[in-house]
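Coordinate analysis (summary)
In case you want the letters, here they are:
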Amino acid sequence: MEDSAIIDLYWQRDQSAISETDVKYGGFLRNISWNILRSHGDAEECVNDTYLKTWNAIPPARPTALQAWLGRIARNLSLDRWKQARAQKRGGDSMDILLGELDGCVPAVRGTEQALEDRETAALISAFLRRLPAESRIIFLRRYWYGQDLADIAGGLGCGQGKVKSSLFRTRKALRAYLEQEGVAL
């Protein structure tokens, strides 16, 4: 079913919108949540919460890119659940490693008064990513947006893990230099 038809079902408050969304994007959303949480139960809950949040948001929202819109909701819910679990156990895990890789090239977390500055930084990062060659951008996004393992990225692109690691290293280094050049304090 086309995205516009699924969105129309939400607008009509037809509950089949949720099942159609699950048929088309369920695997994609579960993959995002699994990559962050590494728990099938928690991932499934985040996907279900994504459907609930979507149901409550459409209408009035009418997303133009449904897959990206759903992916963002699932990712944010998964990160919130990961942070909550992390606060409870205070143990190290793969998400610590993943986020730690970006420590040297993104600004430190600050208070809410910095929200505008954070949006500007996000816009700079988006502009930086748009300038990258397609393969480097895909590798970066698969690692840091979707949380995929290096082996999964390499397998999906048909290359070795060494190439993925090198690309990520070079991209982080270039991102850091770009943000420093733009005056972002790291």
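This text goes with the structure placed above it.
Calculation rules
Residues numbered from 1 in each chain as written. Predicted model: local features only at pLDDT ≥ 70, side-chain atom pairs only at ≥ 80, totals over all residues. Heavy atoms only, no water. Core = buried A, V, L, I, M, F, W, Y, C linked by side-chain atoms within 4.5 Å. Buried < 20%, exposed > 50% of the residue type's maximum accessible area, 1.4 Å probe, protein only. Helix = DSSP H or I, 4+ residues; strand = E, 2+ residues; numbered from the N terminus. Contact = heavy atoms within 4.5 Å. Axes fitted to C-alpha atoms, helices over the stretch in contact; angles between N-to-C directions. Parallel < 35°, antiparallel > 145°, perpendicular 65-115°, else oblique. Left-handed = near helix turned anticlockwise from the far one by under 90°. Nonpolar A, V, L, I, M, F, W, Y, C, P; charged D, E, K, R; others polar. Phe/Tyr/Trp six-rings, centres within 6.5 Å; stacked < 30°, edge-to-face > 60°. Lys NZ or Arg CZ within 6 Å of the ring centre and 35° of its normal. Salt bridge = Lys/Arg side-chain N within 4 Å of Asp/Glu carboxyl O.

As for the nonpolar core
Counting residues in hydrophobic clusters, the biggest one holds 19 residues, and the most contacted among them are Phe128, Leu129, Phe140, Val164, Leu168, Leu175 and Leu179. Per-element tally for this core: the top contributor is helix H9 (residues 161–181), with 5 residues. Discounting chain neighbours no more than four positions away, the residues touching Leu129 are Arg137, Phe140 and Leu141.

Side note on the packing of helix H1 (residues 3–11) against helix H2 (residues 16–37)
One can describe the packing of H1 onto H2 by two numbers: an axis separation of 8 Å at closest approach and a directional angle of 150°. With respect to H2, the element H1 is oriented roughly antiparallel. Crossing hand, H1 versus H2: left-handed. Residues Asp3, Ile6, Leu9 and Tyr10 of H1 pack against Ser16, Ala17, Ile18, Glu20, Thr21, Lys24 and Tyr25 of H2. In terms of residue class, the contact of H1 with H2 is built from 6 nonpolar, 2 polar and 3 charged.

Here's the deal with the packing of aromatic side chains
Counted according to the given criterion, the structure contains 4 aromatic pairs. Measuring from ring centre to ring centre gives 6.0 Å for Phe28 and Tyr146, while their planes differ by 65°; the resulting arrangement is edge-to-face. Here Tyr146 lies in the loop between helix H7 (134–144) and helix H8 (150–157) and Phe28 lies in helix H2, a separation of 118 residues in the sequence. In this structure, Arg13 packs its charged tip against the face of Trp55, placed 4.0 Å from the ring centre. Just above the ring of Trp145 sits the side chain of Arg75; from NZ or CZ to the centre is 3.9 Å.

Details of the pattern of salt bridges
Overall, the coordinates contain 10 salt bridges when judged by the stated rule. In this structure, Arg62 and Asp8 form a salt bridge, with 3.3 Å as the shortest nitrogen-oxygen distance. In this pair, Arg62 sits in the loop between helix H3 (40–57) and helix H4 (66–89) while Asp8 sits in helix H1, placing the two residues 54 residues apart along the sequence. Arg62 sits in the partly exposed class, given a relative accessible area of 45%. Residue Arg38 is joined to Asp149 by a salt bridge in which the shortest nitrogen-to-oxygen separation is 2.5 Å. Taken as a pair, Arg38 in the loop between H2 and H3 and Asp149 in the loop between H7 and H8 lie far apart in primary sequence, 111 residues in all. Residue Arg38 is classed as partly exposed on the basis of its relative accessible area of 29%. By sharing partners, the salt bridges in this structure join Asp42, Glu45, Asp49 and Arg81 into a single network.

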